[in-house]
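So you can see what is in the structure, the chains are spelled out below.
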Amino acid sequence: MTPTVLKNLTCCVLHNIRERKQGWTLYQSCRFLFSKTKVWEKDLTIEKRKEIEKHWIPLIKEEDRLQSLQEDCSKEKYYVLSMFPYPSGKLHMGHVRVYTISDVMARFQRLQGRYVIHPMGWDAFGLPAENAAIERGERPDEWTYKNIKNMKEQLEQLGCSFDWNREFATCDPAYYRWTQHIFLKMFEAGLVYQKEGEVNWDPVDMTVLADEQIDEHGRSWRSGAIVEKQYLKQWYIKTTAKAQSLYDGLHEVNAELWKDIISLQQDWIGKCDGTQLKFALEGQENMVFEPLHIYTPTPEAVYGVAYIAVSPDHRLNQQHLYKVGTDPVSTEKILSVAAVHPFTGERIPIVVSKSTQFDYHNNVMLGIPSISEASRCLADSLNLKYLEILGKRADGDECIVNSHDLNGLTRSEAFEAVLHIALEKGVGGEHVSKRGRDWLISRQRYWGTPIPIIHCNTCQAVPVPFDQLPVELPPISGLTGHGPSPLSQQHDWVNVTCPRCGGEAKREIDTMDTFVDSSWYFLRYLDPHNTSAPYKRDTVDKYMPVDLYIGGKEHATMHLYFARFFCHFLHDVGLLGRREPFDSLLTQGMVLGKSFRVKETGKYLKADQVDFTGTKPVEKDTKNPLVEEWEKMSKSKHNGVDPEDVLKEFGVDATRLCILSAVSPQSDRKWSNDAFVGILRWQVRIWKLVGSYINSFTSASHTKCSDAELQEWEENLFEARNLVVSRATIQFSKKFLLNTAISHMQDFTSTLGKVPGHVAMESQQYQRCLADLCIMLAPICPSLMCELWTALASISHSKLSQKYVWEKSVLHQTWPTIDDEWKRPLVLQINNIKSGVIPLPRQVFDSLTLNIAHELVRHDPKYQKYCQGHSFKAVQFGHEPGFQAFINFITDKKAAAK
C-alpha cells in the first residue's frame, strides 16, 4: 500500500468516525417511542420489539465495525475466540448459543475498558462441502463461498460484534499457503513422515478416518458406512515428539475453567513413562518393509533384547513370512524377516506369539529376558541368544552391564542416556506413553489443503520450495465422490519436474485433514493480511494467548490437542513466544430438541405425526407408543429448530437472552419456546420501570418523599446495587455462568419494582440502579438497552447522574463498579450450606487469608452452634479480592445432622 493510498484511507476512516459521532446526537434526539408520542408506551409488544431491533441492529453493526478498526494499544487486551464454523449454509441453534456467548463476553470486556479481539472466519475445507457439492452438481468452492455469504448475514442478524476485517476462509489459497508453510517447517524438523500403515477406510466417502471419527458400532461419523481396514501409504505428523511437553503444558492453563478437559487431555496423551524406538527390517531380496516403531517402558534394557514379539493379527504375520522349518500351527513362529538393532546393527528375530500378553494399545513389543520372566521362557524355548544386562555395583546397588556406554549406570540414568542416544541417531527417544500415536493427516479427497510434497524416483519425497507456495487446488468440475482421488486424474497438475534434480516427478495427490487447517487459525486472525509470513511474531506475542476459547466439548481432545501441538512446535522453533495457546476454556453444552420415536420400530416422527391428547404421546395414525427423548437436534430425528423461525417470532434480543438463561453454558440446553414466557415478561418489567421513571419527570404532580423514607431506600438500593454488580461481575469475568448473572439481575429488577414512584424520582441511587441494569444487560440484549438508554438520556441534564456519559451509547459506557465503602461479604458455609454472612470493609476483605477468615467467623452464632468443639474433615476457603469470599467447614456426620 502506497503512502498516498494509506493517507486517503486514514482520512476516510476518521471522517466516518466524526460523522458517526455527530450522527449519535441526531438519532438520540429522534429515536425512541417516547420521543415520538411524548407518552411512554405501556406494553412492549412483539411489533415494538421488531421496530426497535430494525432500527438499532444496523446502527450497532456500524458502531462495532468502526470500533474494530481502532486498535488501542494503551488498553489491556482481551482475546475472545469462538470455534469457527464449517459453512454449511445455515445456522442451527448450537451456533446461536455459542456465538451469543462469544458476543456477550466480547461486549462485556469492552465495557470493562479492554481492547477486545473478537474474530470470525470459516473452517471451509472437508468432506461435507465436497459431498454437498457433488449432490448439487456444483464445484466445492462455489458451494462453500455461497454458504459463507449466507451464514455471515445470519450472524450479523444475530447482532454479533465480530471483527470482520480479520475474516478468512481456510480454503482460500492466501490462508492455506501458510498452512503448507508450517507443514514444511515441520518436515524440515523431522516431524513429518510417510509410511504404510493400517487405516480406517470409509468405502462410501472413499477416504481415511481417524479412530475418533468412528462410532461405537464401527460406522463412519459422516457417511454411516461400516468402516474397513486397509493398508495405505499415508502422511503423519509426529505428535508423539511433543507428548511430554503437551502433558506438562496442562499445568499452565486455567485449571478452574479447563476442569475435566485437563484430565481428558491427559488421558488422551497418557503418562509419558517410556519411549518409542525405530527398528529397521531386513528380509527377502526385493522386498521393502516399513520399520517397526516399538514402545518400551524400559529403554535402559535395549541391549538385552532377544527378540521382537508381534501379535497374530500383525501385518507381518498376515504376509506368512515364516522362517524355513517353522511349524505353521505352532503358537510361536519365527519370521524370515528380522529387525535391525538401532544401536548395534545386529539382527533380531521377530516372533509371532500367541502366548505374549500384548496391551490394548500395541501389538508389538520387545522381548527382554533380563527383566521379564515370560520373555526369558519364550527365548529359551526357541533357543534364542540374549545378554544379561542387570548387575550389581561394588556397593551392592543395581546397575546396567553388558550394554556398551551404559555400563555402570543406574537404570534411571541409563533410561535418559538411551533416549539421548536414540534422539541423536534419529531412531526415537522422545518421552511418550504406551498409547501414543502420531497424527495421520492424509485424506484421499479433493477439497482440502494440498500436501506440498513432490515424489521423485531419484530423490524420493521432496518438499515444494517455499517460494513456490501455495500449491493450489486445480479447479475441478463434475466430481463424483467415487473412484480414485480426483487429483490423480489432473495430469497437468500432477506431473511436474523435481525441484531438486530436475527429473520427472509427480505431486502428492492426498490432501490434509481439516484439523491441520484449524490448528493455527487463531494465530492468523491476529495478522490476517500478512503476505510475507504466516504472522508477525511481535504482533502475535502481543495478543496471545487466547484469553477465552469457546466451543463444544466434542473438540476437547482432537482439535485442542492438535492446536496445542502446533503451538508447542512453533514455540520450540522460535516462531511463538508462548507454547500454550488457550488460557481459559468454556465448553458449551449442546442444544437438544425433543424427539418422538416409535417404540417398536425406532422410526422418528415429526411433531404433527404425534397425538398429544392423552397422558402420554402416541403415534397419531396407529396409536403406537412412543419413546420421548431430548436428543441432539438432527434433521433425521425431526427435532431441529430453525433459528430464523425463532428470531422472527420472538426477536433477536429475547432469543439471545433466552438461550443464556436458566441453564449454565456448560450444560446441555433442552430447547423449548416455553422458556420465552418468563424472558418476555422480564423485558416488559424493565420496559415499564424505565417508562414509569421517565413519566415521573413529566407528571404535573407527585407525592413528596420524606427524608427518612428517602434515606432508608437509598441505603437499601445502595446495598442491592453493589450486591448485584458484585455477583454479575464475578460470573461474567471469572466463572462464565451467565445464567446465574441473569438470575441475579432478575432479582435486582424485582427489587427496583418495589420502589415507590415518588421515591424513585428523588433517589440518586435508583437512577444509578436503573442505568447500571441497562449497562449490565447491554451485552446480552443490545438493541433494547440502546433504546432504554436513549430514553433515560432524554431526562433533563440537570437531573442526570454525572457518573455516566449520557451522550454516548450504552455500549460505550463503563461496566458498573462496586463502591469502596460497600462491605464485602464473607460467606460462612457448613457442609456446603450457606449459614451466614459477615460484611467486611474493603481493606480487611482484600487481605483475607484462611486463618483470618477462620478467626472472623468464630464469633458467628451458627459457627458456635454447629462447629465449635467439632473436628473438621476439611476447611475450604475461596477468595476473589474486591468481590466475595467463602469459608466452608466440612464437619463430622453428627454435626451435619444437626
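Structure's up top.
Because the structure is predicted, anything quoted here is derived from the model rather than measured.

S.K.: Describe the overall build of the protein chain, naming the residues involved and giving the relevant values.
M.R.: Check the secondary structure of the protein chain and you find 30 helices and 33 strands. Taking the principal axes of the C-alpha coordinates as reference, the protein chain spans close to 115 × 80 × 75 Å. Within the protein chain, the proportion of its 898 residues that are buried is 52%. A sequence separation of at least 24 residues applies to 72% of the contacts in the protein chain between residues at least 6 apart. Accessible surface, the protein chain as shown: approximately 41,100 Å² in total, 50% of it carbon and sulfur. Taking the average place of the 105 positive charges on the side chains of the protein chain and the average place of its 111 negative ones, the gap between the two points comes to 5 Å.

S.K.: A description of the sheet that holds strand β18 (residues 460–463) should follow, citing residues and the corresponding values.
M.R.: Here 4 strands make up an open sheet; going across it, the order is β18-β17-β20-β19 and the pairing antiparallel. Each end of this open sheet is capped by a strand with a single partner; those strands are β18 and β19 (495–497). Across the sheet, the axes of successive neighbouring strands diverge by a mean angle of 40 degrees, strand direction being ignored. Both strand β17 (residues 453–456) and β18 contribute to a ladder of 4 bridges, which runs antiparallel. Within the sheet, the bridge partner assigned to Ile454 lies in β18 and is Val462.

S.K.: Could you give an account of the side chain of Ser311, with specific residues and numbers?
M.R.: Take Ser311: it is sitting in the loop between β8 (307–310) and α11 (315–318). Setting aside residues no more than four positions away along its own chain, Ser311 makes contact with Asn317, Val352, Ser353, Phe358 and Asn363.

S.K.: An account of the state of the cysteines is needed here, citing residue identities and associated values.
M.R.: Enumeration over the complete set of coordinates arrives at 0 disulfides. Lacking any disulfide linkage, Cys774 is separated from the closest cysteine sulfur, that of Cys781, by 9.1 Å.

S.K.: Could you give an account of the packing of helix α19 (residues 643–650) against helix α20 (residues 652–660), with specific residues and numbers?
M.R.: Relative orientation of the contacting elements α19 and α20 amounts to 115 degrees, with a least axis distance of 7 Å. Judged by residue contacts, Val646, Leu647 and Phe650 of α19 engage Val652, Ala654 and Thr655 from α20. Considered class by class, the residues forming the contact of α19 with α20 number 5 nonpolar, 1 polar and no charged.

S.K.: How would you summarise the nonpolar core if you had to cite specific residues and measurements?
M.R.: With 193 residues, the main nonpolar core has Tyr521, Phe522, Leu523, Phe732, Met745 and Leu777 as its most contacted residues. With sequence-adjacent residues up to four places away left out, Met745 is seen in contact with Trp682, Val724, Phe732, Leu773, Met776, Leu777 and Ile780. Among the nonpolar cores identified, the runner-up in size contains 32 residues, and Val337, Val364, Leu366 and Val418 belong to it.

S.K.: Please provide a residue-by-residue account of the environment of Tyr303, values included.
M.R.: Mapping Tyr303 onto the fold places it in the loop between β7 (292–296) and β8. A C-alpha to C-alpha distance of 9.3 Å links Tyr303 and Leu406, two positions 103 residues apart in sequence.

S.K.: Tell me about the packing of aromatic side chains, residues and numbers included.
M.R.: Summed over the entire model, instances satisfying the criterion amount to 35 aromatic pairs. A ring pair is formed by Phe84 and Tyr521, whose centres lie 3.7 Å apart and whose planes are at 5 degrees; its orientation type is stacked. With Phe84 in the loop between β1 (77–82) and α4 (93–111) and Tyr521 in helix α16 (residues 521–524), this pair connects stretches of sequence that are 437 residues apart. Residue classification places Phe84 among the buried residues on the basis of a relative accessible area of 8%. Relative accessible area serves as the criterion here: at 0%, Tyr521 is assigned to the buried category.

The rules behind these values
- Residues numbered from 1 in each chain as written.
- Predicted model: local features only at pLDDT ≥ 70, side-chain atom pairs only at ≥ 80, totals over all residues.
- Heavy atoms only, no water.
- Helix = DSSP H or I, 4+ residues; strand = E, 2+ residues; numbered from the N terminus.
- Buried < 20%, exposed > 50% of the residue type's maximum accessible area, 1.4 Å probe, protein only.
- Contact = heavy atoms within 4.5 Å.
- Areas by Shrake-Rupley, 256 points an atom, 1.4 Å probe, with all protein chains shown as cover.
- Lys, Arg positive; Asp, Glu negative; His and termini not counted.
- Charge placed at Lys NZ, Arg CZ, Asp CG, Glu CD.
- Pairing = 2+ DSSP bridges.
- Axes fitted to C-alpha atoms, helices over the stretch in contact; angles between N-to-C directions.
- Disulfide = S-S within 2.5 Å.
- Nonpolar A, V, L, I, M, F, W, Y, C, P; charged D, E, K, R; others polar.
- Core = buried A, V, L, I, M, F, W, Y, C linked by side-chain atoms within 4.5 Å.
- Phe/Tyr/Trp six-rings, centres within 6.5 Å; stacked < 30°, edge-to-face > 60°.

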